[in-house]
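Survey of secondary and tertiary structure
Next come the chains, spelled out residue by residue.
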Amino acid sequence: MNSIRLELGKAQQFLNAEAINSVQNRVHAAQQALEECTCPGNDFLGWMHLPSSITPEFLGEIKACAQVLRENCDTIVVAGIGGSYLGARAVIEALGNQFEWLTNDGKNPIILFAGNNIGEDYLYELCEYLKGRKFGVINISKSGTTTETALAFRLLKKQCEEQRGKDVARKVIVAVTDAKRGAARTTADKEGYTSFIIPDNVGGRFSVLTPVGLLPIACAGFDVDALVKGAQDMEAQCGSDDNIATQYAVVRNALYEAGKKIEILVNFQPKLHYMNEWWKQLYGESEGKDGKGIFPAAVDFTTDLHSMGQWIQEGERTIFETVISVENAKHTLLFPHDDENLDGLNFLEGKRVDEVNKMAELGTQLAHVDGGVPNMRLVMPELNEYYLGQLIYFFERACGVSGLLLDVNPFNQPGVEAYKKNMFALLGKPGYEAESEAIKARIN
């Protein structure tokens, strides 16, 4: 198999050799700290050699559970937030037919997502949609107490039991949670749900290659063996100091030190929208701390060229772009002839739509570089499970190295709790009485 590849020339031209070497000289120490588990957050390095530790027997368990759900459900709701759903959704939407859910031809169950917001209308409309459907639930939560997911699971569990009966509900509700602790574990044990473990040493944003991601992806009908194989091969590539993950980490940090504070992840393939969303959490939550960190933004081109293109071309020059490019489209569609040619596009007659898209990509890259925007290009031979596995591990490994080059702990997220404390105080949660009084006084 080929490999994804990284093109750096149109970013490196904005940097001098001294700037790159200054960062490059710190790579060995970062790699060594990861491999020897001596870096900050070293108790969350289980993702590092996770791909190579996955056995055929384990994947067999995942696929067997997925088959039970597929045979007994026309719809599966994945309840989770952040890393507990973004990775799975990224892969499922990248590989799936974007209109299959409209026909629901029975080949694959519809995969829906909940527990990632507190939108009352969203949850109401989801529950209405599920009425009369043979649905199951994958509840993904290490603690079982995360507000968004716990709320959604309460609603889904109740509705599933009422519609399908408790015996069937026990069969089609699956828990992915902690091995021993937490509300989700207690519920799973009490109800007799099939369950899978979220490893203690793997943080949520790095968990897509655990049952957190593998089970929903298998339920959607995709090849988890190939996904894992891609990640395994990328893991093997990343063992040395000089690999595409460290190269990416070096150039993005050199750009950051040169004043480029915002990284925009770009795709020209709309199926990759949620891959962008997964990447945003991975890097934002890993690097945004201690007053530091590249701000991760994302756009879908060519769509967002008609909204964000002006700012990227001529706005403040504090940005750089990383473009994910897919070399080969899955399908062939030719530009048609039109006798009247009122739109003036007959010159494209007979060309593949993807060729037009590729020229839009190249033209955009050249325009943005001319406008002072450094560009890196990450090329995938095609959009399939194997190359997505490579891409996932590439970004994870680069994130670990990049965070250490930035001199932060890439594996904690202390700032995430701030809004929760305020929310619980405002809602009057037991145990938050003092905080409730303090926040009321502040508001008044």
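None of these values were measured; they are calculated from a predicted model.

On to a nonpolar patch on the surface. A surface patch of nonpolar side chains, about 230 Å² in accessible area, is lined by Ile118, Leu151 and Leu155. We classify Leu155 as partly exposed; its relative accessible area is 35%.

Moving on, we get to helix α11 (residues 183-191). Inspection of α11 places Ala184, Arg185, Ala188 and Glu191 among the buried residues, and these make up the whole buried set. In a view along the axis of α11, the buried residues occupy a sector of 145°, so they form one face of it. Within α11, the exposed residues directed more than 90 degrees away from the buried face are Thr186, Asp189 and Lys190. Contact partners of the buried residues in α11: β4 (135-140), α9 (147-164), α10 (166-172), β5 (173-177) and β6 (194-197). Downstream of α11 by a residue or two, Gly192 has a phi angle that is positive, lying close to 80°.

Our next topic: unusual backbone geometry. The omega torsion across Phe301 and Thr302 is 10°, close enough to zero to call that bond cis. Checked against the element boundaries, Thr302 lands in the loop between β8 (295-300) and α16 (309-314). Residue Cys37 is not a glycine yet carries a positive backbone phi of 55°. Tracing the backbone through its elements, the reader meets Cys37 in the loop between α3 (27-35) and α4 (50-53). Although it is not a glycine, Asp407 adopts a positive phi angle of roughly 70°. Note that Asp407 resides in the loop between α18 (385-405) and α19 (417-427).

Turning to the packing of helix α12 (residues 211-219) against helix α13 (residues 224-237), a few remarks are in order. Running from N to C, α12 and α13 point in directions that differ by 140°, and their axes come no closer than 10 Å. Of the possible angle classes, the one that applies to α12 and α13 is oblique. Within the contact between the two elements, α12 uses Leu214, Ile217 and Ala218 and α13 uses Val224, Leu227 and Val228. For the contact of α12 with α13, the residue count by class is 6 nonpolar, no polar and no charged.

Two numbers describe how helix α6 (residues 86-95) lies on helix α15 (residues 273-287): the axes approach to 8 Å, and their chain directions differ by 155°. On the basis of the axis angle, α6 is roughly antiparallel to α15. Relative to α15, α6 is oriented so that their crossing is left-handed. Residues Leu86, Gly87, Arg89, Ala90 and Glu93 of α6 form the contact with α15, whose participating residues are Tyr274, Met275, Glu277, Trp278 and Gln281.

Where a protein is soluble and globular, its nonpolar side chains tend to be buried together. In terms of nonpolar packing, the biggest core is built from 118 residues, with Leu215, Leu388 and Phe395 touching the most fellow members. At 13 residues, α18 tops the list of elements feeding residues into this core. Not counting chain neighbours up to four residues away, the residues in contact with Phe395 comprise Tyr248, Leu265, Trp278, Trp279, Leu282, Tyr283, Ile324 and Leu378. If you look at the next biggest cluster of nonpolar residues, it comprises 9 residues, including Val266, Val299, Ile312 and Val373.

As a further point, take a negative patch on the surface. On the surface, Asp338, Asp339, Glu340 and Asp343 cluster together into a patch of negative charge. Tracing the sequence through the fold places Asp343 in the loop between β9 (319-328) and α17 (353-370).

Quick look at the sheet that holds β5 now. Two pairing modes exist for strands in a sheet, parallel and antiparallel, and in both the strands are linked by backbone hydrogen bonds. Spatial strand order, β3-β2-β4-β5-β6: 5 strands in an open sheet with parallel pairing. Each having just a single partner strand, β3 (110-114) and β6 make up the two edges of the open sheet. Averaged over all adjacent pairs, the angle separating strand axes in this sheet is 20°, with direction ignored. Judged from the 5 bridges that link them, strand β2 (residues 75-79) and β3 form a sheet pairing that is parallel. Paired with Thr75 across the two strands is Ile110, which belongs to β3. α9 rests against β2, β3, β4 and β5 of the sheet, and its axis sits at about 150° to β4.

The next thing to look at is the packing of aromatic side chains. The relative placement of two aromatic rings is captured by the distance of their centres and the angle of their planes. Within the structure shown, the criterion is met by 15 aromatic pairs. Here Tyr85 and Phe113 contribute two aromatic rings whose centre-to-centre distance is 5.9 Å and whose plane-to-plane angle is 50°, an arrangement assigned as tilted. Taken as a pair, Tyr85 in the loop between β2 and α6 and Phe113 in strand β3 lie far apart in primary sequence, 28 residues in all. Relative accessible area serves as the criterion here: at 10%, Tyr85 is assigned to the buried category.

Inspection of the entire model under this criterion finds 25 salt bridges. Residue Asp225 pairs with Lys63 through a salt bridge whose shortest N-O separation is 2.7 Å. Taken together, the positions of Asp225 in helix α13 and Lys63 in helix α5 (residues 56-72) put the pair 162 residues apart, joining distant regions of the chain. The exposure class assigned to Lys63 is partly exposed, which follows from its relative accessible area of 36%. With its nearest N and O atoms 3.1 Å apart, the salt bridge here joins Asp167 to Arg170. Residue Asp167 and its partner Arg170 are both found in helix α10; the two are separated by 3 residues, about one turn of the helix. It is possible to trace a salt-bridge network through shared partners that takes in Arg5, Glu7, Glu327, Glu361 and Arg377.

Now for the pairing of β4. Of all 6 residues in β4, 6 are buried; the element is thus mostly enclosed. Looking at chain direction, β2 and β4 are connected through 5 bridges and run parallel. Following the sheet pairing, Thr75 is matched in β4 by Phe135. By the bridge criterion, 4 bridges tie β4 to β5 in an arrangement that is parallel. Residue pairing in the sheet places Ile140 in a bridge with Val176 of β5.

Definitions and cut-offs
- Residues numbered from 1 in each chain as written.
- Predicted model: local features only at pLDDT ≥ 70, side-chain atom pairs only at ≥ 80, totals over all residues.
- Heavy atoms only, no water.
- Patch = residues over 30% accessible without salt bridge, like charges linked within 9 Å, V, L, I, M, F, W, Y side chains within 5 Å.
- Areas by Shrake-Rupley, 256 points an atom, 1.4 Å probe, with all protein chains shown as cover.
- Salt bridge = Lys/Arg side-chain N within 4 Å of Asp/Glu carboxyl O.
- Buried < 20%, exposed > 50% of the residue type's maximum accessible area, 1.4 Å probe, protein only.
- Helix = DSSP H or I, 4+ residues; strand = E, 2+ residues; numbered from the N terminus.
- Arc of directions from axis to C-beta.
- Contact = heavy atoms within 4.5 Å.
- Axes fitted to C-alpha atoms, helices over the stretch in contact; angles between N-to-C directions.
- Parallel < 35°, antiparallel > 145°, perpendicular 65-115°, else oblique.
- Nonpolar A, V, L, I, M, F, W, Y, C, P; charged D, E, K, R; others polar.
- Left-handed = near helix turned anticlockwise from the far one by under 90°.
- Core = buried A, V, L, I, M, F, W, Y, C linked by side-chain atoms within 4.5 Å.
- Lys, Arg positive; Asp, Glu negative; His and termini not counted.
- Charge placed at Lys NZ, Arg CZ, Asp CG, Glu CD.
- Pairing = 2+ DSSP bridges.
- Phe/Tyr/Trp six-rings, centres within 6.5 Å; stacked < 30°, edge-to-face > 60°.

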